[in-house]
Structures are given as structure tokens and as C-alpha cells.
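Residue strings, one per chain:
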Amino acid sequence: MAPLISNPRRLLIIGPPDTPHPHFLKGLSYHEIQTPYYSASIPIWSDTLPLAAPAIRKFQDEWSSSEAAEVVQAIGAWMVCFKKPRERTDVEAIQSLLTAINSIIERHDQSSYTTSEPLLLAVGMQQSIVPSLEMNSDEWDNLCRECGGWEWIDGELAVGGDYQEQDEGQEQRNEFGERVGISRLKEALEAHEWEGNDIDSGSDDLNFGSEDGPGAEASQMEEEMAGLKVAVQEEHESEEGGDDEVEQLETMMLKVQAIKEMGADMPEAERKRFAAAAVKDVMKRM
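These numbers come from a predicted model, not from an experiment.

Draft legend 1. Structural view of the overall build of the chain. Within the chain, the regular secondary structure consists of eight helices and seven strands. Looking at the chain as a whole, 43% of its 286 residues qualify as buried. Nonlocal contacts in the chain, meaning residues at least 24 apart in sequence, comprise 75% of its contacts between residues at least 6 apart. By element, 46% of the accessible surface of the chain is carried by carbon and sulfur atoms, the whole surface being about 15900 Å².

Right, here's the structure in full:
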């Protein structure tokens, strides 16, 4: 029986709001992988981002902050999904987003990854409104590679042209016999190393949502920091530097609230591990 990866990193799928996900990932919170070498249930995070310069700049600024470091390091694969461009300006926007994400990853230090660097996948989906801009697979390969080592995936699974004709039900392959399209996307996900950072074994004994578990601890910390914030405000109303301390406490409160919200939809075992590690980190920073 293949070993189970119990603490895999996440798959983040991001793209414009009108772009569908690949069909085998639609509507899923987890992607199940079964290979002869390992099995894993990969958590899927989804986000939408318009392909517009102001939105991309804001996204890069927010994700480059020190507060986002742990989230970025928890991502094992970035999948950018977009409809194939209609004009050259659309291509430039795609390049900007891919380059911005690569900068975010570099900003948070690749050395933090214990097994492998994140997988970078640029998935071009079918353009349904008008014919898309003519770009062959070599052009896409070069463009994605120049944006920081992204792999181009043709989400249309077009038959003909750069691809060999296949019988119904068979995988798409290029002239070199390599998988392409959705077949290659699945292959890349299966071949990736998803193992995440180990969490203290004691964290499995903590119960998110119980009276004495991380959920309760997070709630208690939130209440205590709210009271502490009021006290600091009163004590430092007329003292220099008080605003900085209040701002630090507000940041901590937001982190604790985020812990509760992010853990709400997770399975129990993962919720325990996530909450224990996150609360522990917040407490270290206090």
C-alpha cells in the first residue's frame, strides 16, 4: 500500500472570475492523488484576480508582505487559469501575473521549502467569446518559461496541429510522445512532491473547537487581546509610541480571527494540525 502524505502542501488555483477550472478540479476542495509511490488528499485553495495592472500590483504587494509568508510557504503548487487571449494586451497581462507570482515566491525565500520548490502551472482555457489570438505551443512554452519557470498547459486539449490524433479515450500526446493538455496537468500534479513541514506530534492531541483545544485557545486569545488593546489605548493615550503597540495588537487579533475562519471548513484532523501550528506561531510573536 502506498504511503499516505498526511500533511500535504496546498494547491492554489487563481485567475480571472470568468475563467473555469479544469474539469477534474471543478467545485472540489481537495484533489485526491493515488500513485504507486504515495497517496494524498491535496487541499485546494481558490482565488479570483482580474487581469488588470492595478489588481495585479495590489495582489503582489499584499502577498509580498511578511504577514503572507506562511501562507505562501504552505502552497505546493500555483495554478494560474485564464482564457486564451484575444489580443496582445491580454498576453501582456498574463505575463505580468505570472511574473508577479514568481516575485512573491522569491520574496519569501525558497529555502523554506523542505522538499521541493512549488510547482508553477499556467493553464490556458478555451476562449468562448471570439477566436483567440494565434499562438502555438512553442510560443507559450517560451513565454511561460521566461516569466519564472512556469509550465504551459493547453487546457483545450485540441486535437491536430501540434498534437497527434488519438483514438477516443486515449491521452493526448505531442510529436515526442509526451503528454499534453489535461493529461499533462494530471501527470504534473502526481509527480510533484507535496510533503509539507512536519508539525509537533503533540498537535494531534489538540482539539479545534473543544473547550481546551486550539479553537478555544484562539477565542480566548482574541478576547484577551481585545481587552489588552483597550488597556494599551488608555495607558498610552498621551504617550509617544502607543499607536505602534495598538497597531501590533490589532494585527495579532486579525491573525487569530483568520485562524478561526480558515480552519472552519477543514476536515477535523487537518483542522487540528492547522490550528495548533497557527496558534503556536501567534503566541510566539506576542
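Right, picking up where we left off after that structure.
Draft legend 2. Looking closely at the pairing of strand E4 (residues 39-48). Taken together, the two bridges between strand E1 (residues 4-5) and E4 define a ladder with parallel strand orientation. Residue pairing for E4: Leu4 is matched across the bridge by Ser39. When strand E2 (residues 10-15) meets E4, the two strands line up parallel, connected through five bridges. Each bridged residue has a counterpart across the sheet, and for Gly15 the counterpart in E4 is Thr48. In this structure, strand E3 (residues 30-34) lies alongside E4, joined through five bridges in antiparallel fashion. Within E4, the position partnered with Tyr30 by the bridge is Pro43. Counting the residues in the hairpin turn of E3 and E4 gives four residues.

Draft legend 3. Seen up close, the environment of Asp47. Looking at where Asp47 falls in the secondary structure, it is placed in strand E4. The class for Asp47 is partly exposed, based on a relative accessible area of 29%. Sequence separation between Asp47 and Ile13 is 34 residues; the distance between their C-alpha atoms is 6.4 Å. Beyond its immediate chain neighbours, meaning those up to four positions away, Asp47 contacts Leu12, Ile13, Ile14, Gly15, Phe59 and Trp63.

Draft legend 4. Just the side chain of Ser64, in detail. Locating Ser64 in the fold gives a position in the loop between helix H1 (53-63) and helix H2 (69-73). In this structure Ser64 comes out as buried when scored by relative accessible area, which is 17%. The contact partners of Ser64, leaving out residues within four places of it in the chain, are Ile104, Arg107 and His108.

Draft legend 5. A look at the packing of aromatic side chains. Scanning the entire structure with this criterion turns up five aromatic pairs. Ring geometry for Phe82 against Trp140: centres 5.8 Å apart, planes inclined by 35°, an arrangement best described as tilted. Residue Phe82 is located in strand E5 (residues 75-83), and its partner Trp140 is located in helix H4 (residues 137-146); the two are separated by 58 residues in the primary sequence. By relative accessible area, Trp140 is classed as buried at 3%. Plain terms: the ring middles of Trp140 and Trp152 are 4.4 Å apart, the flat faces sit at 10° to each other, and that makes the pair stacked. Taken together, the positions of Trp140 in helix H4 and Trp152 in strand E7 (residues 151-154) put the pair 12 residues apart, joining distant regions of the chain. In this pair, the class of Trp140 matches that of Trp152, namely buried. Members of the aromatic cluster, joined through ring pairs, are Phe59, Trp63 and Trp78. Its guanidinium or amino end placed over the ring of Phe24, Lys186 lies 5.1 Å from that ring's centre, counting from NZ or CZ.

Draft legend 6. Quick peek at the packing of H1 against helix H3 (residues 88-107). Relative to each other, H1 and H3 sit at 5°, their axes nearing to 9 Å. Between H1 and H3, the angle is such that the two are roughly parallel. Residue-level contacts link Ile56, Phe59, Gln60 and Trp63 of H1 to Ala93, Ser96, Leu97, Ala100, Ile101, Ser103 and Ile104 of H3. For the contact of H1 with H3, the class distribution of residues is eight nonpolar, three polar and no charged.

Rules and cut-offs
Residues numbered from 1 in each chain as written. Predicted model: local features only at pLDDT ≥ 70, side-chain atom pairs only at ≥ 80, totals over all residues. Heavy atoms only, no water. Helix = DSSP H or I, 4+ residues; strand = E, 2+ residues; numbered from the N terminus. Buried < 20%, exposed > 50% of the residue type's maximum accessible area, 1.4 Å probe, protein only. Contact = heavy atoms within 4.5 Å. Areas by Shrake-Rupley, 256 points an atom, 1.4 Å probe, with all protein chains shown as cover. Pairing = 2+ DSSP bridges. Phe/Tyr/Trp six-rings, centres within 6.5 Å; stacked < 30°, edge-to-face > 60°. Lys NZ or Arg CZ within 6 Å of the ring centre and 35° of its normal. Axes fitted to C-alpha atoms, helices over the stretch in contact; angles between N-to-C directions. Parallel < 35°, antiparallel > 145°, perpendicular 65-115°, else oblique. Nonpolar A, V, L, I, M, F, W, Y, C, P; charged D, E, K, R; others polar.

Shape descriptors only; they carry no functional weight alone.
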